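A structural walkthrough
One letter stands for each residue in the lines below.
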Amino acid sequence: MTHSTHYLQIEHLRKSFGSFTALDDISLAIKEGEFVCFLGPSGCGKTTLLRAIAGLELQEEGRIVQSDRDISTLPPQQRDFGIVFQSYALFPNLTVSENIAYGLANMKMPRGERQQRVKALLEQIDLPDIGNKYPGQLSGGQQQRVALARALATEPGLLLLDEPLSALDARVRLHLRQEICALQRKLGITTIMVTHDQDEALTMADRIVVMDHGRIAQIGTPEEIYQKPATEFVARFVGSMNLMPARVLGARSLMLGRKEVQTPMVLPACDEGTLGFRPESVQLLDGPWGVNRDENLLFEARLDQIQFMGPFVRLEMCLDEELPCVHVDVAVEQHAQLNASIGQSLWLSIPEKDLKFYPAQHLNQSKPGVSRTAPDMGLAAMQVAGA
């Protein structure tokens, strides 16, 4: 999808809760019609950033400009957005139609027009016959679609989605993921979604903003984030990645555990770091013959475990007892042809383009899943936003 003008600009945003820094100098520009995912572990600042855009949290420093209008200090009801929460947040005492029409009634839209708009939205979310039902009579997936219709009812310029699929089971989540994408592209509405689910971000977003401890670790397309993770944190968090501590011996020489290996890449001037590559980028060989070592990293490892994963087979290989095991993903047919057995030694070849090296002095030592979490600020302000 091609986008031209910047629709939303975030400049040097800072936000703290006591001594906890939730947002640390965040700057970001989002284009009109773009679908952007804020991705990261618990407590990384992604929800706080979304709530700052909505006006549900007020930043201490920085500016937010939406469609050339400075909204930095405006209350939620004066900002142009629709919002969908993880918990649906539908009014249980109102029918589906009344829930969807809630924001329209506040806008003083005539009754006839309201009914037409609700009818059109129910058709858009493929639930044309549930207008008279109450939220309690619907499944989780249906409730979330109604919440989406309510957020879109006022035709906002910006759609904000706060982990909208995480409360649903896997099958419903997958289906709704596709529906949200199709609807977003059809409407061309600028959309920001918060998620901790990398699959969700990779499949839905035009661009992903990976966040870590209140900072932006990397911004890029799903392909860029996956293929060229800028930091060890991004490499750990997005997809599966082999990450091996290494000592630098020379421009093209590394110590992995107790083994010295030659690398096709020129290493940065540092003492130590982490060598990374994806499990699917490894080619398995019976021997070291016929491999161009100027273009490929080559080393021998022992096969310790074989895991059938459905579409592929994951092999756990041991290069050195001091190192984490290396994962190698191969197609089922390829594994059958390989006919490898536990305890067997194989050679691993990885092309230069698939190798990453992260110098130790640049590492952010945070690990996914162990970040400190910001206080849960609750959903009370949602109704203020008329969302």
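In this text, all values refer to a predicted model and were calculated from it rather than measured experimentally.

Following the UniProt record, one finds the feature "domain: ABC transporter" (unreviewed entry) at residues 8-238. Summarising residues 8-238: 36% helix, 27% strand, and an end-to-end C-alpha distance of 25 Å.

Before going further, it helps to examine the pairing of strand 13 (residues 259-262). Relative to strand 13, strand 12 (residues 253-256) runs antiparallel, the two sharing four bridges. Across the sheet, Ser-253 pairs through a bridge with Gln-262, a residue of strand 13. Here strand 12 folds back onto strand 13 in antiparallel fashion, the turn holding two residues, of which Gly-257 has a positive phi close to 65 degrees.

The next point concerns the pattern of salt bridges. Counting across every chain of the model gives 18 salt bridges. Of the charged contacts, one joins Glu-322 and Arg-258 as a salt bridge, the two residues approaching to 3.8 Å between their closest N and O atoms. With Glu-322 in the loop between strand 17 (312-318) and strand 18 (326-331) and Arg-258 in the loop between strand 12 and strand 13, this residue pair connects regions lying 64 residues apart in the sequence. Here the salt bridges do not stand alone but share partners, grouping Arg-14, Asp-24, Glu-61 and Arg-215 into one network.

This next bit is on the packing of helix 4 (residues 140-152) against helix 5 (residues 170-187). Interaxial distance between helix 4 and helix 5 falls to 11 Å at its minimum, and their mutual angle equals 20 degrees. If you check the angle between helix 4 and helix 5, you find them roughly parallel. When the axes of helix 4 and helix 5 are compared, the crossing they make is right-handed. Where helix 4 approaches helix 5, its residues Gly-141, Gln-144, Arg-145, Leu-148 and Leu-152 are matched on the opposing element by Val-172, Leu-176, Glu-179, Ile-180, Leu-183 and Leu-187.

On the basis of which strands lie adjacent, the open sheet formed by six strands has the order 6-7-8-3-9-10 and mixed pairing. Either end of the sheet is taken by a strand with one partner, and the two such strands are strand 6 (81-84) and strand 10 (215-220). The average undirected angle you get between the axes of adjacent strands in this sheet is 15 degrees. Where strand 7 (residues 158-162) meets strand 8 (residues 190-195), five bridges bridge the pair, whose relative direction is parallel. For Asp-162, the partnering residue across the bridge sits in strand 8 and is Val-194. Against the sheet, helix 1 (residues 46-54) makes contact with strand 3 (35-39), strand 6, strand 7, strand 8 and strand 9 (207-212), and its axis sits at roughly 150 degrees relative to strand 7, the strand it touches most.

Taking 1.5 Å of rise per residue, the 18 residues of helix 5 would be expected to cover 26 Å, and the 26 Å separating its terminal C-alpha atoms lies within 8% of that figure. Taken together, the buried positions of helix 5 are occupied by Leu-176, Arg-177, Glu-179, Ile-180, Cys-181, Leu-183 and Gln-184. In this fold, the buried residues of helix 5 make contact with strand 3, helix 3 (111-124), helix 4, strand 7, strand 8 and helix 6 (198-204). Directly beyond the C-terminal end of helix 5, a positive phi value near 65 degrees is found at Gly-188.

Moving on to the domain arrangement of the chain. The extent of an interface is frequently quoted as the accessible surface area lost upon association of the parts. According to the domain assignment, the chain consists of domain 1 (6-232) and domain 2 (242-357). In this structure, domain 1 and domain 2 have C-alpha centres spaced 40 Å apart. With six residues of domain 1 in contact, the opposing surface of domain 2 contributes five residues. Summed over both partners, the interface of domain 1 with domain 2 comes to about 450 Å²; 46% of that surface belongs to carbon and sulfur atoms. Broken down residue by residue, the surface that domain 1 buries against domain 2 is led by Tyr-226, Pro-229 and Glu-232, which jointly contribute 86%. Connecting domain 1 to domain 2 are zero salt bridges. Seen at the junction of domain 1 and domain 2, the total is four residue pairs in polar contact (both at pLDDT 80 or more). The leading source of residues in the side of domain 1 that touches domain 2 is helix 7 (residues 222-227), at three residues. Residues of the side of domain 1 that touches domain 2, tallied by class, amount to three nonpolar, one polar and two charged.

Put simply, helix 2 (residues 96-106) and helix 3 touch, their axes get as near as 10 Å, and they point 125 degrees apart. The angle between the axes of helix 2 and helix 3 places the two elements in the oblique class. The handedness of the crossing between helix 2 and helix 3 is right-handed. Mapping the contact onto sequence places Val-96, Ser-97, Ile-100, Ala-101, Leu-104 and Ala-105 in helix 2 and Arg-114, Arg-117, Val-118, Leu-121 and Leu-122 in helix 3. Tallied by class, the residues present in the contact of helix 2 with helix 3 amount to eight nonpolar, one polar and two charged.

Definitions and cut-offs
Residues numbered from 1 in each chain as written. Predicted model: local features only at pLDDT ≥ 70, side-chain atom pairs only at ≥ 80, totals over all residues. Heavy atoms only, no water. UniProt positions renumbered as here; feature names shortened; annotations may be inferred. Helix = DSSP H or I, 4+ residues; strand = E, 2+ residues; numbered from the N terminus. Pairing = 2+ DSSP bridges. Salt bridge = Lys/Arg side-chain N within 4 Å of Asp/Glu carboxyl O. Axes fitted to C-alpha atoms, helices over the stretch in contact; angles between N-to-C directions. Parallel < 35°, antiparallel > 145°, perpendicular 65-115°, else oblique. Left-handed = near helix turned anticlockwise from the far one by under 90°. Contact = heavy atoms within 4.5 Å. Expected span 1.5 Å × (residues − 1). Buried < 20%, exposed > 50% of the residue type's maximum accessible area, 1.4 Å probe, protein only. Domains from an automatic or database assignment. Buried area = accessible area lost by both parts, 1.4 Å probe. Polar contact = N/O pair within 3.5 Å; in protein donor to acceptor, adjacent residues only side chain to side chain. Nonpolar A, V, L, I, M, F, W, Y, C, P; charged D, E, K, R; others polar.

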